[in-house]
Amino acid sequence: MNFRLNNCKHALIIGAGHGIGLGIVQILLENYSGISIKATYRRKDHALDLLDLKKQFPKRLEVIELNPTKEEQINAFAQEHTDSSFDLIINSVGLLHTKKISPEKGLREFDPDTFLELIRVNAMVTPLLAKYLERNLSDSPGLFATVSAKVGSIEDNKIGGWYSYRASKAALNMLIKIIAIEFERKRKKCLVLAIHPGTTRTELSEPFIDRTSYIIHETHETASNILNIINNRELSETGKFLSWDGGEIPW
Ligand SMILES: NC(=O)c1ccc[n+]([C@@H]2O[C@H](COP(=O)([O-])OP(=O)(O)OC[C@H]3O[C@@H](n4cnc5c(N)ncnc54)[C@H](OP(=O)(O)O)[C@@H]3O)[C@@H](O)[C@H]2O)c1
């Protein structure tokens, strides 16, 4: 049994105010006319392009303000949408830096508050979404995916640094694996995946992008890549960590 975008009717994209999440909403609206979308943002002043899209697609797009790190807000959202059954849920929330936070080059920069904040935003949101939205998943083959990062792969880590971001993404990957096992045990027809989006020009990557040796993608390319690799996937592939090019990444 396969997950097929063409069979989807209701999508939920968390963290769609800008960046990769917004790109996914745009591609779904442009290329999959059968899908209606609920898209969440946290900061309105960073979600202006999403709010503009709502004007272009008033019937297919619903835009919702939600802070995904607040359990009560996710619970309230799930309760308000008991009539929606989502075939596709993607969490694109992530934090690497703020005015006060920069990825650590070495142990001297390791800071408990930064570590806990990155765990809160990067790792904690996905299990909260799974906890409250499990009952909102449709009975037809569906997808519950989180945008992770290859730097969270323990096996792939050859250069070190970025303690908190790497550790929070490694924790996220483990959480995805556990959710996949629980959903499978409950015989949910749902593919659970961690996805590395590839280096993409966004607010998150902006301070580092000039130094990268990787191919740089724009958000619409990354969104297309993500939708291409999830489309037509067999449900038996649940619990995998996939790269934007379709390859599998070691945990
Ligand atoms: N860009 C890349 O090269 C790259 C590479 C590997 C992995 N990723 C991953 O891709 C995902 C999407 O990131 P992006 O590149 O699209 O970056 P982005 O444009 O900065 O988007 C980040 C998202 O996370 C939300 N967010 C940030 N801080 C938050 C907080 N404290 N509480 C709640 N939500 C918060 C943002 O919402 P608000 O602004 O509304 O708060 C936004 O929706 C992340 O998981 C990131 O780790 C990106």
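Since the structure is predicted, the reported quantities are computational estimates derived from the model, not experimental observations.

Student: Can you lay out the pairing of strand 2 (residues 36–41) for me, pointing to particular residues and giving the numbers?
Tutor: Side-chain positions along a regular strand alternate between the two faces of the sheet. In terms of residue burial, strand 2 counts as a mostly covered element, since five of its six residues are buried. Examined bridge by bridge, strand 1 (residues 10–14) and strand 2 share four bridges and lie parallel to one another. Note that in strand 2 the partner of A11 across the bridge is I37. Considered for its hand, the β-α-β crossover made up of strand 1, helix 1 (residues 19–31) and strand 2 is right-handed. Note that strand 2 and strand 3 (residues 61–65) share five bridges and pair parallel. In the sheet register, T40 faces strand 3, and the bridge partner there is I64. A crossover connection joins strand 2 to the parallel strand 3 through helix 2 (residues 48–56); in handedness this β-α-β unit is right-handed.

Student: Report on the state of the cysteines, specifying residues and quantitative values.
Tutor: Within the structure shown, the criterion is met by zero disulfides. There is no disulfide at C8, and the cysteine sulfur nearest it, in C190, is 10 Å away.

Student: Give a description of the side chain of E104 that names residues and reports values.
Tutor: Mapped onto the fold, E104 is located in the loop between strand 4 (88–91) and helix 4 (112–123). No salt bridge is formed by the buried E104; the nearest opposite charge belongs to R166, separated by 8.2 Å. Within the local environment of E104, its side chain forms a polar contact with the backbone nitrogen of Y163, the two atoms lying 2.9 Å apart. If we ignore the near neighbours within four places in the chain, the residues touching E104 are E109, F110, T114, G161, W162, Y163 and S164.

Analysis parameters
Throughout this description, residue numbers start from 1 for each chain and increase along the sequence as written. It should be noted that, the model being predicted, local features are given only for residues of pLDDT at least 70 and side-chain atom pairs only at 80 or more, the latter also being counted only at that level, while totals for whole chains, interfaces and linings use all residues. Values shown for side chains rest on all heavy atoms present in the structure; no hydrogens or waters enter the calculation. Summary of the burial criterion: residues with accessible area below 20% of their type's maximum are buried, those above 50% are exposed, and those between are partly exposed, where the area comes from a 1.4 Å probe applied to protein chains only. A run of H or I in DSSP becomes a helix once it reaches four residues, and a run of E becomes a strand once it reaches two; helices and strands are each numbered from the N terminus. Two strands qualify as a pair provided that DSSP identifies no fewer than 2 bridges between them. The handedness of a crossover follows from its direction of travel: if, with the strands pointing away from the viewer, the path from the first strand over the helix to the second runs clockwise, the crossover is right-handed. Only a pair of cysteine sulfur atoms within 2.5 Å counts as a disulfide in this structure description. Note that His is not counted, nor are the chain ends; the positive residues are Lys and Arg, and the negative ones are Asp and Glu. Any carboxyl oxygen of Asp or Glu within 4 Å of a side-chain nitrogen of Lys or Arg constitutes a salt bridge here. Polar contacts, as counted here, are pairs of nitrogen or oxygen atoms within 3.5 Å of one another; within protein the pair requires one atom able to donate a hydrogen and one able to accept it, and residues that are adjacent in sequence qualify only if both atoms are side-chain atoms. Residue contacts are counted whenever heavy atoms from the two residues lie within 4.5 Å of one another.

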